[in-house]
Amino acid sequence: EAGVVQSPRYKIIEKKQPVAFWCNPISGHNTLYWYLQNLGQGPELLIRYENEEAVDDSQLPKDRFSAERLKGVDSTLKIQPAELGDSAVYLCASSLVQDTGELFFGEGSRLTVL
Amino acid sequence: QKEVEQNSGPLSVPEGAIASLNCTYSDRVSQSFFWYRQYSGKSPELIMSIYSNGDKEDGRFTAQLNKASQYVSLLIRDSQPSDSATYLCAVSTGRRALTFGSGTRLQVQP
C-alpha cells in the first residue's frame, strides 16, 4: 500500500515569493492534516480536513496561508508571500477515520526562505 | 503552560538498558494518548497508543497512563542503538487533531 506522498521534498525561495506544497493521502483515508514542524519542536496543526471540508483551521495564518482539498483526495497548501519565519518542514498526514490519533505522515516538505 | 510537555533530553542510556520517557498533559478531558518515533530527517511514525489507565505492552515497548496525574510514559526495554531517535508524545481530546509535545531525544550508546 502506498503511503502519504508529498512534493516537493525541498524548496528554497526568497522572501515574499509564493510557494505551494502538494499532498496525496493514503487511498481511502478521509481525514487529511497539514502540520508544521520547526527544528527541535513537535508538529503543530495548521489545518484538518474531513473529506473536502476544513473542520479545523484555527491555527492557519489566513493572511498568507491557504489550503484546499478538491474532491476530498489531494490537498495543496500555499504560502503567499513567504516570510523568513516560514522556514520549516511542512508535514501532511492522513488517517482512516476522524478523531483518531493514528496518523500516517508523509516525508514532509522542507521549506527554506532566504 | 504547554498542553503537552516533555523533557527535550537528550536522554542517554547504554545498550541493553531500560529507557524511560515521560510526558505530562494539561487538558483533563484528553482521552487518547500516543507515542510517535521520529528519526533524524524523517517523519513521525506511530509506535504505541494507550486509552485507559495502566500499562500496555507491545514487544520491547510499554506505555503507561495515569489520568489522575495527567502523566504518560514510555518504557523501552533492552534498548538498542536503532532506538536512538526523538520520541513524541501526542494527546487527543477526541474533538481536535492530535497535540504533540516537543519530543525527547533518546541516545542509546553501544
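Look up: the structure comes first, before these words.
Residues numbered from 1 in each chain as written. Chains lettered and ligands numbered in written order. Predicted model: local features only at pLDDT ≥ 70, side-chain atom pairs only at ≥ 80, totals over all residues. Heavy atoms only, no water.

It is worth spelling out the nonpolar core at this point. Residue and element names in this part refer to chain B. Formed by 23 residues in total, the largest nonpolar core has its most connected members in Trp35, Val72, Leu74, Ile76 and Tyr87. Looking at this core, the elements that each hand over two or more residues are β3 (19-25), β4 (32-38), β5 (45-50), β7 (61-66), β8 (71-76), β9 (85-92) and β11 (104-109). The residues touching isoleucine 76, leaving out its near neighbours within four places in the chain, are Ala17, Ile18, Ala19, Leu21, Arg60, Phe61, Asp83, Tyr87 and Leu106. (Core = buried A, V, L, I, M, F, W, Y, C linked by side-chain atoms within 4.5 Å. Buried < 20%, exposed > 50% of the residue type's maximum accessible area, 1.4 Å probe, protein only. Helix = DSSP H or I, 4+ residues; strand = E, 2+ residues; numbered from the N terminus. Contact = heavy atoms within 4.5 Å.)

All names here are of chain B. Spatial ordering of the open sheet is given by β1-β3-β8-β7-β6, a layout of five strands whose pairing is antiparallel. The sheet is open, and its two edges are formed by β1 (4-5) and β6 (54-58), each paired on a single side. Sheet topology places β1 next to β3; two bridges connect them, and they run antiparallel. By the bridge assignment for β3, glutamate 5 is matched with threonine 24. (Pairing = 2+ DSSP bridges.)

All names here are of chain B. Note on placement: serine 32 falls in strand β4. Judged by its relative accessible area of 13%, serine 32 falls in the buried class. The residues contacting serine 32, other than those within four sequence positions of it, are Ile50, Tyr51, Ala90, Val91 and Ser92.

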